[in-house]
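Each chain, letter by letter, is given below.
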Amino acid sequence: MKDFLRNTWKHRAHVVMALPVFLVLLFIMYVPMTGLVLAFKKYDFNLGMYKSPFCGLDNFKFIIASKDIFQRMTKNTILYYLVFTAIGTFLNVVLAIAIDQFFFKRLSKTMQTIMILPVFISYAAVQFIVFAFISSDTGIINHVLGTRIRFYSDAKLWPYILTTVKIWKDTGYGSVLYMSVLAGIDSELYEAADIDGANKWKKIKHITIPSLIPMVTVMLLLSVGNVMRSDTGLFYQVTRNNGSLYSTTQVIDSYVLNSILSNANFGYTAAASFFQSVIGLALMLFANWAVRKIEPDNALF
């Protein structure tokens, strides 16, 4: 303890500089976690969060008991995560390499700026863009094809629509991180490859891609913790919370939001959120353990 206090006093300037960030994390990230107690309580507005009676695991049993809803939203959440992660990671890497290898460097910077613009558009606005394309009456797609496809009534079409919207919105921004890695690759490696007679594809295969693998691994590990979470704006606003689409669009986050707006018992929503967090933590620890066994240098801890 004495060594800790002595070391803290020695680096007091750094401690004071870090204090505001520490307080922000404490009050925004950790203090609200006390609300997890709601998952084990039967919430009563008159008694409040802490004085409401305990109900054990009843809230969890209620969620799991509704097998159709629970299985559907869990399956949708996991499948969308897998699809978004696989396609998104692949396109991020391909786009980063393409821009890095682009001959006209000034134009590549302009393209990069244009590609990251969609990430700054909120889903509240994106839903109107999507509606303009797929509306059954005035939609651009139906107008061009001369059809009357009712997109907002056909749940089978929405996995493709949501995947397209997600990729359009996030891919350009996601590639920026990989481009920063490419910028740090030693140019002497490429020069040596030129001397050995390697063409552009061989340099990408043997220098560029291996240099990106550690960052790809770290990003995948970080994303595994959110496997049970989804982008609420995408699944709630873009679909306009259409009940007829729930079979393919309802995920845990949109279920929680719907429950908060329509159900006075916050215990159920807290239980669903707690379930998400526990599963996400377990999967992240398992993924990190697996990576540490295979390639220790790429593990988070």
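Note: the structure precedes this text.
Reference entry: report on the structure contained in this document.

Reading the values: rules and limits
Residues numbered from 1 in each chain as written. Predicted model: local features only at pLDDT ≥ 70, side-chain atom pairs only at ≥ 80, totals over all residues. Heavy atoms only, no water. Core = buried A, V, L, I, M, F, W, Y, C linked by side-chain atoms within 4.5 Å. Buried < 20%, exposed > 50% of the residue type's maximum accessible area, 1.4 Å probe, protein only. Helix = DSSP H or I, 4+ residues; strand = E, 2+ residues; numbered from the N terminus. Contact = heavy atoms within 4.5 Å. Salt bridge = Lys/Arg side-chain N within 4 Å of Asp/Glu carboxyl O. Axes fitted to C-alpha atoms, helices over the stretch in contact; angles between N-to-C directions. Parallel < 35°, antiparallel > 145°, perpendicular 65-115°, else oblique. Nonpolar A, V, L, I, M, F, W, Y, C, P; charged D, E, K, R; others polar.

1. Overview of the nonpolar core
What tends to happen in soluble globular proteins is that the nonpolar side chains get buried as a cluster. By size, the foremost hydrophobic cluster in this structure holds 20 residues, and its most contacted members are Ala-39, Ile-63, Met-73, Ile-252, Val-256 and Ala-271. Those elements that place two or more of their residues in this core are helix H4 (58-65), helix H5 (67-101), helix H11 (200-224), helix H14 (252-262) and helix H15 (266-294). For this core, the element with the highest residue contribution is H15, accounting for five residues. Apart from residues no more than four positions distant in its own chain, Val-256 is found in contact with Thr-269, Ala-272 and Ser-273. Counting 18 residues, the second-largest nonpolar core is a separate cluster that includes Val-126, Ile-134, Tyr-152 and Trp-158.

2. Examining the pattern of salt bridges
Evaluated as defined, the whole model comprises three salt bridges. Residues Asp-170 and Lys-166 are paired through a salt bridge, measuring 2.9 Å at the closest nitrogen-oxygen approach. Pair noted here: Asp-170 and Lys-166 are both in helix H9 (residues 158-183), with a separation of four residues, about one helical turn. Assessed through its relative accessible area of 25%, Asp-170 is described here as partly exposed. Judged by relative accessible area, which is 17%, Lys-166 ranks as buried. Asp-231 is the salt-bridge partner of Lys-166, the closest N and O atoms lying 3.7 Å from each other.

3. Looking at the packing of H4 against H15
Across the interface, H4 lies against H15 with an axial gap of 9 Å and an inter-helix angle of 80 degrees. Of the possible angle classes, the one that applies to H4 and H15 is roughly perpendicular. Taking contact as the criterion, the partners of Asn-59, Phe-60, Phe-62 and Ile-63 in H4 are, on H15, Gly-267, Tyr-268, Ala-271, Ala-272, Phe-274 and Phe-275. Its residues placed into classes, the contact of H4 with H15 shows eight nonpolar, two polar and no charged.

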